[in-house]
Amino acid sequence: VETLNELFTEMFEAVAAHDGVLDKYIGDAVMAVYGAPLSSGRDPENALASGLEMLTMLDAINERRAARGAPAMRIGIGIATGEVVAGTIGSPKRMDYTVIGDSVNLAARLQDLTKVYGVEMLVCEKTAAAAAGALGAGGLGAARALREIDLIAVRGRKRPEKVFEVLARPPGDPAIRARMLDAYARGRAAVATREWDAALSAFGEALAAVPDDRPSRLMLARARALAGAPPSELWDGVWRDPATAEAA
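Residues numbered from 1 in each chain as written. Predicted model: local features only at pLDDT ≥ 70, side-chain atom pairs only at ≥ 80, totals over all residues. Heavy atoms only, no water.

Student: Can you lay out the overall build of the chain for me, pointing to particular residues and giving the numbers?
Tutor: On a plain count of helices and strands, the chain comes out with seven helices and 10 strands. In terms of overall dimensions, the chain is globule-like: its C-alpha atoms have a radius of gyration of 19 Å, near the 18 Å expected for 248 residues. Overall size of the chain, expressed as C-alpha extent along the three principal axes, is 60 × 45 × 35 Å. Across the 248 residues that make up the chain, the buried fraction comes to 41%. Residue pairs in contact within the chain that sit at least 24 positions apart in sequence constitute 57% of those at least 6 positions apart. (Helix = DSSP H or I, 4+ residues; strand = E, 2+ residues; numbered from the N terminus. Rg over C-alpha atoms; globule rule 2.2 N^0.38 Å. Buried < 20%, exposed > 50% of the residue type's maximum accessible area, 1.4 Å probe, protein only. Contact = heavy atoms within 4.5 Å.)

Student: Any chance you could break down the sheet that holds strand β3 (residues 77-79) for me, citing the residues and the numbers?
Tutor: In spatial order, the strands read β3-β6-β8-β7; together these four strands make up an open sheet with mixed pairing. Both edges of this open sheet fall to β3 and β7 (146-152), since each of them pairs with a single strand only. Strand-to-strand twist across the sheet, computed as the mean angle between neighbouring axes with direction ignored, equals 25°. Examined bridge by bridge, β7 and strand β8 (residues 161-166) share six bridges and lie antiparallel to one another. Paired with Ile 152 across the two strands is Glu 161, which belongs to β8. Strands β3, β6 (121-123) and β8 of the sheet are contacted by helix α2 (residues 43-67), whose axis makes an angle of about 175° with β3. (Pairing = 2+ DSSP bridges. Axes fitted to C-alpha atoms, helices over the stretch in contact; angles between N-to-C directions.)

Read these as spatial facts, not as claims about activity.
In structure tokens form, the structure reads like this:
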């Protein structure tokens, strides 16, 4: 309880500082809303700024924890942009203002997928498109960037969703990072065109540049599997684990 309270105190400030509304705490998670009931006109950018501030605050929290011999904490952040239903929901005896809908579910899915890819922050296509200008222009830091990580299936949608990582704390030398990102992008493009050998080469190059990059390691393993058992011509580009038949 003390650990969660320490974390939530800081996370609330990160939400409030960027025109967000803390909707609720869900176990060890924070659900925040931007633009409901009134839009600021910069809702995706504000959500992204909150996420980046949360990571900065987490560094400070972990420094304090290390000083008292406590283990470091990690968090995963998922941000989705889209229409929601906002209102007071519940029973006549207990009602809360909240939001529901596809975008809420997608945000939760993205947060969960941060553990699969071993990254800190994932955003959907709409968030990435809205935030790219701010990231590139230096509004949130010119050194930060977006990386297209994967293509996922979203329940209730016919078209797969592109998922982007926010490189809040890029590792190591900028030139090495750029080489890794370029190779990773080439690998993703090769998978899309079913060029398995090119994909293997590109993801291997990305992993060689940054050996601890988990997405590169994951994509290299997938490329090997796809090269060994190519999918049908109707494949939509979404990886599905043969053991579970679920999209990663």
